[in-house]
Amino acid sequence: MMWAMNATRLDDSTATRLLGIAVDNVQRDHPVHWTHVIDGDDRLVPQRVLHPVFAGSFDWHSCVHQTWLAVRLLRLRPSLAGADTARNALDKLITPDNCATEASFFASPAGRHWERPYGWAWLLLLDAELRTSGLPWSVAPIADVLRNRWLEWVSAARLPIRTGTHSNTAFATGLVFDAAQATGDTELAAACAAAALRWHRDEAGYGGFEPDAADFLSPALTTADLMRRALDTAEFAGWLDAYLPDLESERWRVLREPFPVDDPSDPYGSHLAGLALSRAWNWEAIAEALPAGHRYTPLARAASSAHREAGWTYVFGGHGYMADHWLGTFGAYLDVKAF
């Protein structure tokens, strides 16, 4: 079940600011979160040696999704102020040689698990955006390796990871499912749908405690957002009724209402700021996927609106690089979606 974008919600002024931040980020080498496991001091090389396309924006996955943001905005608003600067930056980064270096890393033993699933999912989403947009860049050499890595992993994964951070499997699988549908990759889409059903179809009576201090995703809502992709409208309604049968109760006020963020400049505080944005799009997608008249639809729409209002206050809040290197992607994804 694809989710239509609403690009009109993002005005040109906001889009211009987001594009400028994204372009600055993808070219910025420091600070960097260098996370590789190495087998010798000779492997202690600058991030841009191993990852000449995606060395900026603090860490690899953030650089990938900030690049997706720049590409997405250039597709939707090609005449934005700063568009030429963005194109020049992408021309220098997304080159055949640079992509070949990145692809070689992921084809090596060191790349078999690194940045799985979150970074892989954003890369496949970026690839799908480029393949369907007519824009002049391509990350296909990297995507071809990661598509095969993804299929190998997701087809064999018996259990999901239900967390509110990067290892969350429902969020990443939803992104890859959307990318596969957009590009007509039926094998990839089918593998994602099969994994969703294998992991979550029989789950009922969700009982987790949310959020944790580091969450930028909701385990409950990302699961529901994945399942609305894998099930038709009637099936999804029945699944959600069983999964969260008491969603209107006081128990789930903490899921329906934005959680206060004490310090958005703290790395974990910035995660909680992003949680408001991701919950907003989860709730919106759930509302759109439910059949007319479902008891949860008004609740989901109200929760989405409240989280959207709260989340956007942090995007341009001046909370430092721990927030600035990634929050813009989440704000834009909420408003323009993917595809």
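Residues numbered from 1 in each chain as written. Predicted model: local features only at pLDDT ≥ 70, side-chain atom pairs only at ≥ 80, totals over all residues. Heavy atoms only, no water.

As recorded in an unreviewed UniProt entry, the protein chain goes by DUF2891 domain-containing protein and comes from Lentzea albidocapillata.

Chemist: Describe the overall build of the protein chain, naming the residues involved and giving the relevant values.
Modeler: Scanning the protein chain from N- to C-terminus turns up 16 helices and 0 strands. Taking 20 Å as the expected radius of gyration for a compact globule of 339 residues, we find that the protein chain reaches 19 Å, a close match to that expectation. Counting all 339 residues of the protein chain, 58% fall into the buried class. Taking as baseline every contact in the protein chain between residues at least 6 positions apart, the subset at least 24 positions apart corresponds to 77%. (Helix = DSSP H or I, 4+ residues; strand = E, 2+ residues; numbered from the N terminus. Rg over C-alpha atoms; globule rule 2.2 N^0.38 Å. Buried < 20%, exposed > 50% of the residue type's maximum accessible area, 1.4 Å probe, protein only. Contact = heavy atoms within 4.5 Å.)

Chemist: Please provide a residue-by-residue account of the nonpolar core, values included.
Modeler: Core analysis: the largest hydrophobic core is formed by 87 residues, its most contacted members being Phe 54, Trp 122, Leu 123 and Trp 150. Per-element tally for this core: the top contributor is helix α6 (residues 118-133), with 10 residues. Aside from chain neighbours lying at most four places away, what touches Trp 150 is Pro 117, Trp 120, Leu 124, Ser 155, Ala 172, Thr 173, Val 176, Leu 188 and Cys 192. Ala 170, Tyr 206, Leu 247 and Ala 287 belong to the second largest nonpolar core, which has 27 residues in total. (Core = buried A, V, L, I, M, F, W, Y, C linked by side-chain atoms within 4.5 Å.)

Chemist: Which residues make up the pattern of salt bridges, and what are the values?
Modeler: Counting across every chain of the model gives 24 salt bridges. Notably, a salt bridge pairs Arg 9 with Asp 335, separated by 3.5 Å at the nearest N-O pair. With Arg 9 in the segment before α1 (12-27) and Asp 335 in helix α16 (residues 327-336), this pair connects stretches of sequence that are 326 residues apart. Accessibility expressed as a relative area gives 27% for Arg 9, which makes it partly exposed. (Salt bridge = Lys/Arg side-chain N within 4 Å of Asp/Glu carboxyl O.)

Chemist: Just give me the short version of unusual backbone geometry, but keep the residues and values in it.
Modeler: Cis rather than trans, the peptide bond between Arg 116 and Pro 117 has omega equal to 5 degrees. In the segment running from Glu 210 into Pro 211, the intervening peptide bond is cis, with an omega of -10 degrees. Mapped onto the fold, Pro 211 is located in the loop between α9 (186-200) and α10 (219-230). In this structure, Phe 339 is a non-glycine residue whose phi angle is positive, near 75 degrees. Its location among the elements puts Phe 339 in the segment after α16. Classification of Phe 339 as buried rests on a relative accessible area of 19%.

Chemist: Could you give an account of the packing of aromatic side chains, with specific residues and numbers?
Modeler: Pairs of aromatic rings are described using the distance from one ring centre to the other and the angle between the two planes. Inspection of the entire model under this criterion finds 27 aromatic pairs. Where Phe 106 meets Trp 114, the ring centres are 5.9 Å apart and the plane angle is 35 degrees; that geometry is what we call tilted. The same class applies to Phe 106 and to Trp 114, which are both buried. Among the aromatic residues, those joined into a cluster by ring pairs are Trp 68, Tyr 118, Trp 122, Phe 171, Phe 216, Trp 281, Trp 326, Phe 330 and Tyr 333. A cation sits over an aromatic face here: Arg 17 above Phe 316, 3.9 Å from the ring centre. Residue placement shows Arg 28 over the ring face of Tyr 321; its charged tip is 3.9 Å from the ring centre. (Phe/Tyr/Trp six-rings, centres within 6.5 Å; stacked < 30°, edge-to-face > 60°. Lys NZ or Arg CZ within 6 Å of the ring centre and 35° of its normal.)

Chemist: Let's hear about the packing of helix α3 (residues 60-76) against helix α4 (residues 83-93): which residues, and what values?
Modeler: The contact between α3 and α4 brings their axes to 11 Å, and the two run at 130 degrees. It follows from the interaxial angle that α3 and α4 lie oblique. Crossing handedness for the pair α3 and α4: left-handed. Across the interface between the two elements, Thr 67, Val 71 and Leu 74 from α3 touch Ala 83, Ala 86, Arg 87 and Leu 90 from α4. Split into classes, the residues belonging to the contact of α3 with α4 amount to 5 nonpolar, 1 polar and 1 charged. (Axes fitted to C-alpha atoms, helices over the stretch in contact; angles between N-to-C directions. Parallel < 35°, antiparallel > 145°, perpendicular 65-115°, else oblique. Left-handed = near helix turned anticlockwise from the far one by under 90°. Nonpolar A, V, L, I, M, F, W, Y, C, P; charged D, E, K, R; others polar.)

Chemist: So what about the state of the cysteines? Which residues, and what values?
Modeler: Here the structure, examined in full by the defined rule, presents 0 disulfides. Free cysteine Cys 63: the closest other cysteine sulfur is in Cys 99, separated by 12 Å. On the accessibility criterion, Cys 63 (0% relative accessible area) is buried. Owing to a relative accessible area of 1%, Cys 99 belongs among the buried residues under this scheme. (Disulfide = S-S within 2.5 Å.)

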